[in-house]
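Spelled out from the first residue to the last, the chains are:
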Amino acid sequence: MSFKQKVVTIERHIIEGERAHPDASGKFSGLLRDLTLAVKIIWREVSKAGLVNILGTIGRENIHGEQVKKLDVFADEKIYQALDHGGHLCVMASEENEDVLHIPDKYPTGKYVLLYDPLDGSSNIDANVNIGTIFSIYRRITASGKGTMEDCLQPGYKQVASGYVVYGSSTMFVYTTGDGVHGFTLDPSIGEFLLSHENIRIPKRGKIYSVNEGNYRWWHDGMKKYVKYLQEEDKATSRPYSGRYIGSMVADIHRTLLYGGIFMYPGDTRHPDGKLRLMYEANPMSFIVEQAGGKSSNGTERILDVRPSNLHQRTPLFLGSPEDVNECEEFLQGKQTLAPAS
Ligand code: P6P
């Protein structure tokens, strides 16, 4: 990096973004500062997990004599503890907890709501595979005081911010506040996330599809036909596509965002709604992908328009380059009019 290049932290980027929107009221800089602190604490544990054997189950003691917690429980607690006292939030909800998480009575409440998946893909960590933290921020609906389930159960288009962290060889924080998608890479030597990918735009079409093909036998016909179509040879449409599936959604979608293509977790004859959670995974990642120029659907409807009925409800998910998602939907809806391979 040349010394002339300015060093932009997440906090500076948010503040400069707020200056561009006079109506902003310092809305995010404090909230995201607290969130990035929790993320750095999680990063510290994730990056040494293989060495300190803290993957144990709850109840064991580690070499420091501390109670060992599974990493996802640890991450869940760190995010809650970092955000429960800042006065920005009226309520939280976590993928790890059945009910909403209230702000302790001793702390002030604020006008925002935080939903988060503290450590998505944590079952992969002992294979040193990328895992991630995902978050969604909404404005509260109720007037004041403690937030409620109503504040948490909002459709995705109501999000005012969302983002993810992908922990790996380099750890990145990617977020949107509705003004484009921006990526920051952690510089461990100074413990700061520095702007590395400003205004990420997803390619209109890619050459990679990402899905667990082990579920093929349970897929509906449209899904089977679409994947077979991608595997046909046709140079004019860059087919066959490459198949890439890490099995850690944050990593698979991060690659899709940067390289283009499509990520899919469909519903099937065993699980009509698929596996991924609407509120903690699909909505925040869909806001990011749409803000980068992509598309995200459940096969028939825009994910961000889905009206939630349950905090932990699952949804089929098809997201990525707009031309790829449009093509996928044609197959899923039995409307494909695409020419067979020449
Ligand atoms: P499958 C990880 O457990 C996760 O929740 C997502 O990160 C990932 O995309 C998906 O499940 C993988 O599920 O059924 O393909 O192993």
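Use the structure listed above.
Quantities reported herein were computed from a predicted structural model and do not represent experimental measurements.

Caption draft 1: Quick look at the overall build of the protein chain. Counting its regular elements, the protein chain contains nine helices and 13 strands. Evaluated residue by residue, the protein chain yields a buried proportion of 52% over its 342 residues. Of the contacts formed within the protein chain by residues at least 6 apart in sequence, a portion of 61% connects residues at least 24 apart. When the accessible surface of the protein chain is totalled, it reaches about 15700 Å², and 49% of it is carbon and sulfur.

Caption draft 2: Looking closely at the pairing of strand β6 (residues 172-176). Across the five residues of β6, five count as buried, placing the element largely inside the fold. Side chains of β6 alternate between two faces, with Met172, Val174 and Thr176 and Phe173 and Tyr175 buried alike. Between strand β5 (residues 159-167) and the antiparallel strand that follows it, β6, lie four residues. Both β6 and strand β7 (residues 181-187) contribute to a ladder of five bridges, which runs antiparallel. Its bridge partner lying in β7, methionine 172 is registered against threonine 185.

Caption draft 3: Structural context of the site of the ligand. Lining the immediate surroundings of the ligand are Asp120, Gly121, Asn212, Tyr245, Gly247, Ser248, Met249, Tyr265, Lys275 and Glu281. Contact distances for the ligand include 2.9 Å between an oxygen atom and a side-chain N or O atom of asparagine 212. Between methionine 249 and the ligand, the recorded distance is 2.7 Å, taken from a backbone N or O atom to an oxygen atom. Taking 400 Å² as the accessible area of the ligand by itself, protein coverage stands at 79%. For the ligand, the cavity whose grid points lie within 2 Å of the majority of its atoms is the largest pocket.

Caption draft 4: Seen up close, the layout of surface pockets. Space inside the largest pocket adds up to approximately 450 Å³. Sorting the residues of the lining of the largest pocket by element identifies β3 (112-120), α7 (249-259) and β11 (262-265) as the ones contributing at least two each. The dominant element in the lining of the largest pocket, judged by the number of residues it contributes, is β3, at three residues. Partitioned by chemical class, the residues of the lining of the largest pocket number six nonpolar, seven polar and ten charged. Counting the residues that make up the lining of the largest pocket, at least three belong to each of domain 1 (10-197) and domain 2 (208-332).

Caption draft 5: Examining the pattern of salt bridges more closely. What the rule picks out here adds up to 17 salt bridges. Note that aspartate 324 and arginine 205 form a salt bridge whose closest N and O atoms lie 3.4 Å from each other. Placement of the pair is aspartate 324 in helix α9 (residues 322-332) and arginine 205 in the loop between β8 (192-197) and β9 (208-210), with a sequence separation of 119 residues. By relative accessible area, which is 31% here, arginine 205 ends up partly exposed. When the shortest N-O distance is used, the salt bridge between aspartate 305 and arginine 302 registers 2.9 Å. Residue arginine 302 is classed as partly exposed on the basis of its relative accessible area of 33%.

Definitions and cut-offs
Within any chain, residue numbers begin from 1 and follow the written order of that chain's sequence. Residue-level local features of this predicted model are given only where pLDDT is at least 70; pairs of side-chain atoms are given and counted only at 80 or more, and the full residue set underlies all totals for whole chains, interfaces and linings. For side-chain calculations, the full set of non-hydrogen atoms in the structure is used, while hydrogens and water are omitted. Every helix listed is a DSSP run of H or I at least four residues long, and every strand listed is a run of E at least two residues long, numbered separately from the N terminus. Using a 1.4 Å probe on the protein chains alone, a residue whose accessible area is under 20% of its type maximum counts as buried, one over 50% counts as exposed, and one in between counts as partly exposed. A contact between two residues is defined here by any heavy atoms of the two lying within 4.5 Å. Here the Shrake-Rupley method, with its probe set to 1.4 Å, supplies the accessible areas, and only the displayed protein chains count as covering residues. At least two bridges found by DSSP between two strands is the condition for calling them paired. Whether a residue is near a molecule or strand depends on its heavy atoms: it is near if one of them lies within 4 Å of it. In the analysis that follows, any N or O atom pair within 3.5 Å is treated as a polar contact, provided that within protein one partner can donate a hydrogen and the other can accept it, and provided that, for residues neighboring in sequence, both atoms belong to side chains. Site definitions follow a grid-based scheme: protein atoms alone, a 1 Å grid, a 1.4 Å probe that fits but cannot get out for cavities, and for pockets an open set with protein on both sides within 12 Å along at least five of seven lines, plus lining residues having an atom within 4 Å of a point. Molecules are considered to sit inside a cavity or pocket once more than half of their atoms lie within 2 Å of its grid points. Grid points are joined across faces, edges and corners, and a volume is the space filled by probe spheres set on the points. As a working rule, the residues Ala, Val, Leu, Ile, Met, Phe, Trp, Tyr, Cys and Pro are called nonpolar, Asp, Glu, Lys and Arg charged, and the rest polar, with Gly in that last group. These domain limits were set by an automatic method or by a database of domain assignments. Any Lys or Arg side-chain nitrogen found within 4 Å of a carboxyl oxygen on Asp or Glu counts as a salt bridge.

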